[in-house]
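Tertiary structure, described
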Amino acid sequence: MNKRIKKPRLRKPIVISLMIFGLLAASVSVYAAFIYNKVNQTINHIAAQDPSVRQNQSGVNVNNIIPVQHVTKALNKPITFLLAAVDEREGSDGSLNTDVLMLASVNPISHQATIVSIPRDLEITSAKSGLETSHKANYFYAYNYNKNKQTALMETKKMFSDIYQVPIDYMAIINFEGFRRLVDQFGGMMIDVEMDMRYEDDSDGTHIHLNRGSQLLDGKQVLDYVRYRKSNLGTAESSDIERNQREQLVLNQLLDKMTSLNGLAAWGKVLDIIGETIKTDVPADELRTYMSSYRDLKPSAVNFIHLDGEWESPYIVIKEKDLDNAMEALRGQTGLVIDSPVRTD
């Protein structure tokens, strides 16, 4: 008598598994397309819209510059940015003064970068700026924005480029609120707070209450740490120079978090924040290239330069030699040399 051999019933589980796999693959594909579209939307929102902003990118007198190397591709040449952060919180009077101001040059060929923090209270004389009176360095973006918000980035970039004889390619502005949201999105930052920090100002909503020691800070606390200078509650005060050092420490950690970011969901939220709080004059096509190659652009070595100075109310005064050395380091990253010193008149 022949016995009927039953075959294992694997067909249904295999079909179900294939269906689940297919749905997962389709979901990933749909979400990847969503992120791709979101990247493009973000880029189109924050990038330069008017082609005319690409003219006169550096603002430096080209007769004073000797090219050391010629590069043409976006990722094959050094890039120099003027980076600024503004406070647009309720109570801040909407001044748009740039409380954070940095010149950063990134060389994707050597994988090195130089970042110079410009003290917000650094004096820019009328002879340098072309205005009737001297002003602090943090004044000029707001001044140009109030004149013409469409050209504010270009005009501010050109002025600093001319003063310091550094070819600045682009400028980027970030709202402090965007900075806070980015830090929160990354789960905060481990910061070794060097001293107790206390400051209260109900008029602009500033409430700084940080204790000394290593700790995990959220976005609001990191922003307080970066901005702290004065105290009205008995703690030691901080100089503009010390604040610049904290800015550089936090920026370096933020860059590390950005370049280690994984996952489409995480990128989707970060792109929302970037699109809502950052503005730059980088053309959309170039910005798209930079964002798609951000891991290659991240330098392996960053030279942070602190400009130490003396407080001579209401300005920070820096030795001309220190300023010249800092700008020479930036020019070294750009691959340019210059045959005349920084204007000091």
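Preceding this section is the structure that the text describes.
Predicted model only: the values in this text are computed from it and were never measured.

1. Digging into the sheet that holds strand S3 (residues 98-107)
- Here we have 6 strands laid out as an open sheet, ordered S12-S7-S2-S3-S4-S13, and mixed in their pairing. At either end of the open sheet lies a strand with only one pairing partner, and these are strand S12 (278-280) and strand S13 (301-305). In this sheet, neighbouring strand axes are inclined to one another by 20 degrees on average, regardless of whether the strands run parallel or antiparallel.
- With 6 bridges joining them, strand S2 (residues 79-86) and strand S7 (residues 170-175) adopt parallel strand pairing. Considered in S7, the bridge of valine 86 is made with asparagine 175.
- Packing against the sheet, helix H11 (residues 320-334) makes contact with S2, S3, strand S4 (112-117) and S13, and its axis sits at approximately 150 degrees to S4.

2. A short note on the pairing of S2
- Of all 8 residues that make up S2, 7 are buried, and the element is covered over most of its length.
- Of the strand pairs in this sheet, S2 and S3 are connected by 8 bridges, and their pairing is antiparallel. Pairing of phenylalanine 81 across the sheet is with alanine 104, part of S3.

3. Overview of the pattern of salt bridges
- With the rule as written, the count across this model stands at 13 salt bridges.
- Between aspartate 121 and arginine 229 there is a salt bridge; the shortest N-O distance is 2.7 Å. Here aspartate 121, found in the loop between S4 and strand S5 (123-124), pairs with arginine 229, found in the loop between helix H6 (219-227) and helix H7 (240-259); they are 108 residues apart in sequence, far enough to count as distant. No difference in accessibility class separates aspartate 121 from arginine 229, as the two residues are buried.
- Here lysine 157 makes a salt bridge to aspartate 281, at a shortest N to O gap of 2.7 Å. Here the residue lysine 157 occupies a position in helix H4 (residues 152-164), and aspartate 281 occupies one in the loop between S12 and helix H9 (284-292), the gap between them amounting to 124 residues. There is no split in this pair, since lysine 157 and aspartate 281 are both buried.
- When salt bridges that share partners are traced, they join Asp99, Arg120, Asp121, Lys136, Arg227 and Arg229 into one network.

Rules and cut-offs
Residues numbered from 1 in each chain as written. Predicted model: local features only at pLDDT ≥ 70, side-chain atom pairs only at ≥ 80, totals over all residues. Heavy atoms only, no water. Pairing = 2+ DSSP bridges. Helix = DSSP H or I, 4+ residues; strand = E, 2+ residues; numbered from the N terminus. Axes fitted to C-alpha atoms, helices over the stretch in contact; angles between N-to-C directions. Contact = heavy atoms within 4.5 Å. Buried < 20%, exposed > 50% of the residue type's maximum accessible area, 1.4 Å probe, protein only. Salt bridge = Lys/Arg side-chain N within 4 Å of Asp/Glu carboxyl O.

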